[in-house]
Amino acid sequence: MAQMQTSSPAPQRLVLMGVAGSGKSTVGEALAKRIGATYFDGDDLHPRANIEKMSRGEPLTDEDRWPWLTLVGEALAEGDGTKIVGCSALKRIYRDHIRDKAKVPVIFVHLAGSREVISGRMGARTGHFMPTTLLDSQFAALEPPAADELSVTVDIDQPLEGVVDAIVEQLSRHAA
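Residues numbered from 1 in each chain as written. Predicted model: local features only at pLDDT ≥ 70, side-chain atom pairs only at ≥ 80, totals over all residues. Heavy atoms only, no water.

Participant: Help me understand the pattern of salt bridges, please; the structure alone is not making it clear to me.
Facilitator: What the rule picks out here adds up to 13 salt bridges. The shortest N-O distance in the salt bridge between Arg 34 and Asp 165 comes to 2.6 Å. Of the two residues, Arg 34 is situated in helix 1 (residues 24-35) and Asp 165 in helix 7 (residues 160-175); the sequence distance between them amounts to 131 residues. With relative accessibility at 36%, the residue Asp 165 sits in the partly exposed group. With a closest N to O distance of 2.8 Å, Glu 149 and Arg 95 form a salt bridge. Placement of Glu 149 in the loop between helix 6 (135-141) and strand 5 (151-155) and of Arg 95 in helix 4 (residues 92-102) is noted, with a sequence separation of 54 residues between them. (Salt bridge = Lys/Arg side-chain N within 4 Å of Asp/Glu carboxyl O. Helix = DSSP H or I, 4+ residues; strand = E, 2+ residues; numbered from the N terminus. Buried < 20%, exposed > 50% of the residue type's maximum accessible area, 1.4 Å probe, protein only.)

The following block contains the structure:
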């Protein structure tokens, strides 16, 4: 994992990444509260056509994702203070695009879990547009962060507090 280039105790821009059902929203809200950051859900930036397509069980194409990823990066670039966004950022090229649009250092926090754990979570949640049937396409597209990317990886098969503790601990090692 790449070393963070800041002396502050926490990164200024974080992306919680992972497949659908990995807990980006839940972890993002809890982490933001813990470190005094602002959290926003990248799903809220999807164009309506993307949400309709996923709701029908159709995976997004790269062409569908570029405008959304641009908005995610631009949202990270705006304003002051620590910001956290939940965004699948499944492929390296997507993360590169977000970094380019953000124009500031971004650390990606990969919320990693087995297909079984994530499938169970997706089956238990209600009111989300992403059907469980798209989970296979999510895992097929996933390119975990490489050693040269500014990132941390956390196993989500633990209670929420443990996930947040693990993120904070790994981020503090990067900041040192």
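After that view of the structure, there is still more to cover.
Participant: Can you help me understand the sheet that holds strand 3 (residues 83-86) in this one?
Facilitator: Whether parallel or antiparallel, the strands of a sheet pair through hydrogen bonds between backbone atoms. The strand order across the open sheet built from 5 strands is 2-3-1-4-5, with neighbouring strands paired in parallel fashion. If you trace the sheet from one side to the other, it starts and ends with strand 2 (38-41) and strand 5, each paired once. Going across the sheet, the axis of each strand differs from the next one's by a mean of 20 degrees, ignoring polarity. (Pairing = 2+ DSSP bridges. Axes fitted to C-alpha atoms, helices over the stretch in contact; angles between N-to-C directions.)

Participant: Quick question: what am I supposed to make of unusual backbone geometry here?
Facilitator: Even without a glycine there, the phi angle at Ala 89 is positive, about 40 degrees. The residue Lys 103 is not glycine, and still its phi comes out positive at about 60 degrees. Classification of Lys 103 by relative accessible area gives exposed; the value is 67%.

Participant: Mind showing me how you'd approach the packing of helix 3 (residues 62-77) against helix 4 here?
Facilitator: Direction vectors running N to C along helix 3 and helix 4 enclose 40 degrees, while the axes themselves pass 7 Å from each other. It follows that helix 3 is oblique to helix 4 by the angle criterion. The handedness of the crossing between helix 3 and helix 4 is right-handed. On helix 4, the residues that touch Asp 62, Arg 65, Trp 66, Leu 69, Thr 70, Val 72, Gly 73, Glu 74, Leu 76 and Ala 77 of helix 3 are Ile 93, Tyr 94, His 97, Ile 98, Lys 101 and Ala 102. When the residues that make up the contact of helix 3 with helix 4 are grouped by side-chain class, the tally is 9 nonpolar, 3 polar and 4 charged. (Parallel < 35°, antiparallel > 145°, perpendicular 65-115°, else oblique. Left-handed = near helix turned anticlockwise from the far one by under 90°. Contact = heavy atoms within 4.5 Å. Nonpolar A, V, L, I, M, F, W, Y, C, P; charged D, E, K, R; others polar.)

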